[in-house]
Each structure stands twice: as structure tokens, then as C-alpha cells.
Amino acid sequence: MPHDHHDRDHDAHSLLPPDPALRIKALETILTRKGLIDPAAVDEILDIYEHKVGPQNGARIVARAWADPAFLAALREDAAAVLDAMDLAGRQGEHVVVVENTPETHNIVVCTLCSCYPWPLLGIPPSWYKSDAYRARAVREPRAVLADFGVALPEGRRVRVWDSTAEIRYLVIPARPAGTEGWDEDALIPLVTRDSMIGTGLARDPAP
Amino acid sequence: MTRVHDMGGRHGDGPVDPCRDEPLFAEAWHRRAMAVTVASGAMGAWNIDVSRHARESLAPKDYARFSYYEKWIAGVANLSVAAGLVTRAELADGVAEQAPLAPKTLRAADVAGALTRGAPSARPGPAPRFAPGDRVVARLPARNALVAGGHTRLPAYAAGHVGVIAALHGAHVLPDSNGHRLGEAPEPLYTVVFDAGDLWGAPERAGDEVAADLWESYLTAAS
């Protein structure tokens with residue numbers, strides 16, 4: 001059996017300066033000088049993730065799923081195809097599956113092995129999603145983790161934790177808040193929080 | 001056996017801080033680290049599985065002390081050297097000869113298209129051996145069966161446990177092979193649902209479940 005050659009170069013990074021800000025500056029400088037990255041492309045990537053891609057994309061999907069039963073049915077059937085047609089697939093969201101919170105089941109998404117996250121729908125993952133504590137604990141004690149977020153589930157509701165171990169990316173469709181009957185998509189969007197689409201939160205109740 | 005990154009179920013990490021109202025990037029250098037990692041990955045000199053494995057292969061003491069984006073920087077540095085794109089001397093000295101943009105370097109005009117295309121992992125592949133409802137056992141121990149000490153996406157907490165096939169996702173690139181540049185070797189990919197009581201002994205609540213996406217070679221039929 002071959003052995004793992006990655007271990008051979010696993011310390012090359014230690015040649016960079018110890019301070020992280022200087023490390024990335026040094027690496028970026030070398031890659032740029034060698035023509036391996038284009039500074040204009042780096043700026044464009046930042047512009048997209050800072051201004052165009054974020055939880056607002058996922059919130060629109062959830063709100064439409066709440067408001068339009070045909071859209072929800074299409075998501076259940078093949079969310080990836082629906083999102084692709086809306087230009088909302090792409091890097092780290094190539095194979096999206098929606099999971100729906102119901103009175104019986106609450107869904108929570110984690111990536112215990114790294115930090116896989118549906119970037120085209122939710123943007124850059126928050127720091128807690130990438131933290132050791134979340135990655136370690138969400139699978140074993142999801143209710144205790146929910147308590148850290150101030151969420152308590154009703155007695156009797158099952159928790160299903162989705163560990164993103166492959167390229168399937170999960171979007172939680174939270175339960176639609178009571179009192180929103182007849183609301184259209186635009187009115188529902190503000191109720192859909194980022195955390196509610198990961199499962200560490202619930203959708204907002206409408207203002208009384 | 002697995003590596004330091006495989007932390008699902010681990011005890012001792014303390015509370016999760018929900019970090020309300022945090023900025024998108026807590027530090028200016030986080031922005032650069034994210035974008036440089038995405039831009040350099042777009043060259044195609046390494047795939048997502050090689051990239052994940054590079055981060056996992058950091059020494060455990062480095063993996064534990066590095067913040068998230070420090071792991072990314074270290075991964076790109078190591079991959080650039082391993083791919084022959086950057087020398088150790090260049091990393092150490094912080095200087096390199098000026099060169100024109102390489103043919104495969106991601107251009108600004110191509111960024112939006114590249115991000116929207118992504119890198120789907122679904123491939124034509126063999127017919128599935130298992131069907132929804134089948135009971136399967138995850139490989140014990142969680143290891144790469146092709147490369148000793150190599151990359152795998154089977155979490156240790158699931159190893160040896162019986163789960164139920166909940167969904168089939170078609171065939172997908174096998175990270176255990178692709179992460180070592182041994183070919184994509186697509187295999188059927190399944191969502192396997194495990195009972196929390198089986199995994200943890202004492203679950204928070206009977207009936208809770210953990211679902212993981214596992215490749216066919218990780219699984220055998222449960223007796």
C-alpha cells in the first residue's frame with residue numbers, strides 16, 4: 001500500500017513569518033509575483049463574497065418555499081437543479097439538498113471534518129460554524145449546542161444532525177412562523193435568519 | 001487511523017460562542033487569506049480533496065493552535081511547494097522573480113463564472129449496491145483503504161456502527177482516491193442515518209439521529 005506523501009511537505013508553511021497577517025502577505029506577494037494569482041481576481045472574489053453572496057440568497061429560497069408550494073415541491077425533487085437555474089449553485093453549493101423542519105423533526109447542519117457550508121446560499125461561514133466546539137459537539141449533543149444559541153426545542157421533537165462529509169450541502173428550511181398566513185415572499189424574507197438555515201436558530205416571529 | 005481534524009463527538013471543547021454581530025472578516029488578513037486561497041485553488045493545480053487533506057496533514061500541534069484562516073494559508077503554502085509552483089527558498093525569503101500571469105491563473109473577468117460553475121463532484125459511475133432502507137456497517141477503523149494514513153471522509157465516530165441508507169446521491173468522486181491524485185474513482189454516495197444512542201451510548205434524547213454522506217466502499221451490508 002502506498003504511503004501518504006503529504007507528510008513530506010507538511011511543514012513548508014513554517015518557512016513563512018510567524019505572524020498570520022505577515023504570513024498571508026508574504027504568500028500573496030510570492031504567488032502574485034510568480035503570476036499564479038491575479039490581484040484583480042483576488043479583488044473580484046472579495047467583492048462577490050462581501051457584496052453579492054450571503055444569507056440573503058438562502059433567505060429568498062426559504063421565503064419562496066414557504067410562499068409557493070410548487071417551488072417547495074421542486075426543491076424537494078431536485079434543489080440543485082432549481083438553484084442552478086437561478087444561478088445560485090456554484091462553489092461549495094454544487095449539490096444542495098433541502099431539509100425541512102417539522103413538528104416532529106429539527107435539523108441541524110455541521111461539518112465535523114472541516115467546515116463545509118453552502119457558500120452560494122449563506123456566504124462565508126460564521127466563526128462559530130468553523131469552531132472546534134461546534135464541530136466536536138453538534139453531532140453528540142445538539143440540544144446542548146442549541147442551548148448555547150438560546151434555542152430550546154419542544155419536548156418530543158427529534159433532532160437529526162447532518163454531517164456534511166461529502167459535497168452534498170444542506171439548507172435547512174425552518175418552520176414557517178405562525179401568524180404569517182398569506183404573506184408573500186418579500187414579506188417573509190426578513191424572518192429567515194442565517195442561523196435558522198443552519199438549524200442553530202429558528203425563524204423570527206413576526207413583529208406583533 | 002484518523003487525524004486531528006476528525007473531531008466529531010469529542011469532549012472538552014466548551015461552549016459554542018454564537019458570535020452575534022461579528023463582521024464577515026474579523027481581521028483584514030482573513031479577507032486576503034480567503035481570497036488568495038480561492039484564487040490559487042482555481043489554477044487547478046490541486047483539487048478540493050487534495051486541498052482538504054493538506055489542511056488535515058498539518059502537524060496536530062499546528063492544526064490545534066492555528067485559527068481557521070491560518071490553516072488555509074498553511075495549506076496553500078504547502079500545496080504550492082508540493083505542486084512545484086513555489087520553492088521553499090521563496091517562502092523563506094519572501095521574494096520571487098517577477099513573472100507574467102500563468103496561463104491557468106484565474107483572471108478577474110473569469111471569477112464570477114468560475115464561482116458559479118463550482119466543481120461538481122457527481123460523475124457517471126457504477127450502479128449502487130444498496131437501496132434506501134438497507135442496513136449497512138461503516139468501515140472500522142475509519143481509514144483510507146488505498147493509502148496508509150491517507151485522506152478519508154468517514155468520521156471516526158461512525159466507524160463500526162450500523163446505519164440505514166436514507167438516500168442515494170448517484171456516483172461522486174471518491175476523496176480517498178482523488179485526495180492523493182490517484183484518480184476520481186467515482187462511487188455511489190449515500191446518506192446514512194445513524195441512531196444517536198448507537199453512536200454515543202447515552203444520547204441526549206432517544207430517537208435523535210446523525211446523518212452522514214458516505215461512499216459505497218466505506219460500507220458493507222449489515223448482517
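As the structure is a prediction and not an experimental result, all values here were calculated from the model.

Cut-off values and rules
Residues numbered from 1 in each chain as written. Chains lettered and ligands numbered in written order. Predicted model: local features only at pLDDT ≥ 70, side-chain atom pairs only at ≥ 80, totals over all residues. Core = buried A, V, L, I, M, F, W, Y, C linked by C-beta atoms within 7 Å. Buried ≥ 20, exposed ≤ 12 C-beta atoms within 10 Å, placed from the backbone. Helix = DSSP H or I, 4+ residues; strand = E, 2+ residues; numbered from the N terminus. Contact = placed C-beta atoms within 7 Å. Expected span 1.5 Å × (residues − 1). Pairing = 2+ DSSP bridges. Axes fitted to C-alpha atoms, helices over the stretch in contact; angles between N-to-C directions. Left-handed = near helix turned anticlockwise from the far one by under 90°. Nonpolar A, V, L, I, M, F, W, Y, C, P; charged D, E, K, R; others polar. Domains from an automatic or database assignment. pLDDT = per-residue confidence, 0-100.

*Asks:* Could you give an account of the nonpolar core, with specific residues and numbers?
*Replies:* Counting 113 residues, the largest nonpolar core has Leu27(A), Val36(B) and Ala39(B) as its most contacted members. The dominant element in this core, judged by the number of residues it contributes, is helix 4 (residues 68-82) of chain B, at 8 residues. If we ignore the near neighbours within four places in the chain, the residues touching Ala39(B) are Ile37(A), Ala41(A), Val42(A), Ile45(A) and Leu106(B).

*Asks:* With reference to specific residues and values, describe helix 1 (residues 28-41) of chain B.
*Replies:* Between its terminal C-alpha atoms helix 1 of chain B stretches 21 Å, which fits the 20 Å expected from 14 residues at 1.5 Å a residue. Of all 14 residues in helix 1 of chain B, 13 are buried, a share of seventy percent or more.

*Asks:* Account for the interface of chain B and chain A, with residues named and values stated.
*Replies:* Counting residues at the interface gives 91 residues for chain B and 78 residues for chain A. Elements that contribute at least two residues to the side of chain B that touches chain A include exactly helix 1, helix 2 (48-56), helix 4, helix 5 (88-93), helix 6 (108-117), strand 3 (162-172) and strand 5 (209-215) of chain B. Top contributing element to the side of chain B that touches chain A by residue count: helix 1 of chain B, with 10 residues. The sheet contact formed by strand 3 (residues 158-163) of chain A and strand 5 of chain B spans 4 bridges and is parallel. Paired with Arg160(A) across the bridge in strand 5 of chain B is Glu209(B).

*Asks:* So, the packing of helix 1 of chain B against helix 4 of chain B: which residues are in play, and what are the values?
*Replies:* Residue and element names in this part refer to chain B. The N-to-C vectors of helix 1 and helix 4 enclose an angle of 35°; their axes lie 9 Å apart at closest approach. Here the hand of the crossing between helix 1 and helix 4 comes out left-handed. Touching His30, Ala33, Met34, Val36, Thr37 and Ser40 of helix 1 are Tyr69, Trp72, Ile73 and Val76, all from helix 4. Its residues placed into classes, the contact of helix 1 with helix 4 shows 7 nonpolar, 3 polar and no charged.

*Asks:* Explain the domain arrangement of chain A to me, and be specific about the residues and the numbers.
*Replies:* Looking at chain A, the domain boundaries give domain 1 (19-52) and domain 2 (57-198). Look at where the C-alpha atoms of domain 1 of chain A and domain 2 of chain A centre, and you get two points 30 Å apart.

*Asks:* So what about the environment of Cys114(A)? Which residues, and what values?
*Replies:* For Cys114(A), the location among the structural elements is in the loop between strand 2 (105-110) and helix 5 (119-122). Linking Cys114(A) and Ser164(A), residues 50 residues apart in sequence, is a C-alpha distance of 8.9 Å. Leave out the neighbours within four places in its chain, and Cys114(A) touches His5(B), Arg52(B) and Arg55(B).

*Asks:* Summarise the confidence of the model for chain B; cite the residues concerned and give the values.
*Replies:* In this model, chain B carries a mean pLDDT of 96, and residues with pLDDT of at least 70 account for 100%. For this predicted complex, the interface confidence reaches an ipTM of 0.97, while the overall pTM sits at 0.97.

*Asks:* Would you mind going over the environment of Pro203(B) in detail, with residue names and values included?
*Replies:* Among the secondary structure elements, Pro203(B) is positioned in the loop between helix 8 (196-200) and strand 5. Beyond its immediate chain neighbours, meaning those up to four positions away, Pro203(B) contacts Ala196(B), Gly197(B) and Asp208(B).

*Asks:* Tell me about the domain arrangement of chain B, and please be specific about residues and values.
*Replies:* Much of the literature gives interface size as the accessible area that the parts lose upon coming together. All names here are of chain B. When cut into domains, chain B gives domain 1 (28-117) and domain 2 (122-221). Put simply, the middle of domain 1 and the middle of domain 2, counted by C-alpha atoms, are 29 Å apart. Listed as interface residues are 6 residues of domain 1 and, on the opposing side, 5 residues of domain 2. Across the side of domain 1 that touches domain 2, the residue classes tally to 1 nonpolar, 2 polar and 3 charged.

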